[in-house]
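Structure at a glance
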Amino acid sequence: GPSFERVLSGGKKDSNSHMARICLYILFPVIVIINVLCFMLGLVTFGVLWPKWMKSFLFSGKVDFKDALEDQVSINRHMDLMKNEIKSIHNAVKAEKFIVKSLEDDIKSIRADLKVATVLLKRFDDSSYYSEEISEILSDSSSELGA
């Protein structure tokens, strides 16, 4: 504006320099053309020929740290929730493993008791309680459980 004209011409407050006005009318379109050319060259070279001020103007925005902190807090809460769920699943798996182990031990003790019972039945030679079919079933079931 007029103040910039006075600065360029070096004149007083009321002075009006036509030469400064002509320079400004030539200078401003040239600056706009140079900036547009820089922008176009930057587009062609994928931003390599952009000046730093143009890169920061195009790619920098206002950063709202309050939203970022709230997002971080919600992410941390979600992570804690997921960790607790993983721990509960891990504890459930441990409990299931314990149950399976105790069932396996019970099955082993039952097999041992059945072997003792079959030996006792063979000693008494009581055919009403013991037969060869039962012996085969017991041996087949013990081999299947052991596998």
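Here we summarise the structure given alongside this text. (Residues numbered from 1 in each chain as written. Predicted model: local features only at pLDDT ≥ 70, side-chain atom pairs only at ≥ 80, totals over all residues. Heavy atoms only, no water.)

**Some remarks on the packing of aromatic side chains**
- By the definition in use, this model includes two aromatic pairs.
- For the ring pair phenylalanine 39 and tryptophan 50, a centre distance of 5.8 Å and an interplane angle of 15° mean the geometry is stacked. One end of the pair, phenylalanine 39, is in helix α2 (residues 18–44); the other, tryptophan 50, is in the loop between α2 and α3 (52–59), with eleven residues separating them in the sequence.
- For phenylalanine 39, a relative accessible area of 31% gives the class partly exposed.
- By relative accessible area, which is 10% here, tryptophan 50 ends up buried.
- Considering the side-chain rings of tryptophan 50 and phenylalanine 59, the 5.8 Å spacing of their centres and the 45° angle between planes classify their relative orientation as tilted.
- On the basis of relative accessibility, which here comes to 62%, the residue phenylalanine 59 falls in the exposed class.
- Every member of this aromatic cluster is reached through a ring pair, and the members are Phe39, Trp50 and Phe59. (Phe/Tyr/Trp six-rings, centres within 6.5 Å; stacked < 30°, edge-to-face > 60°. Helix = DSSP H or I, 4+ residues; strand = E, 2+ residues; numbered from the N terminus. Buried < 20%, exposed > 50% of the residue type's maximum accessible area, 1.4 Å probe, protein only.)

**As for the side chain of threonine 118**
- Locating threonine 118 in the fold gives a position in helix α4 (residues 65–124).
- Polar contacts involving the side chain of threonine 118 include one to the main-chain carbonyl oxygen of lysine 115, which spans 2.7 Å. (Polar contact = N/O pair within 3.5 Å; in protein donor to acceptor, adjacent residues only side chain to side chain.)

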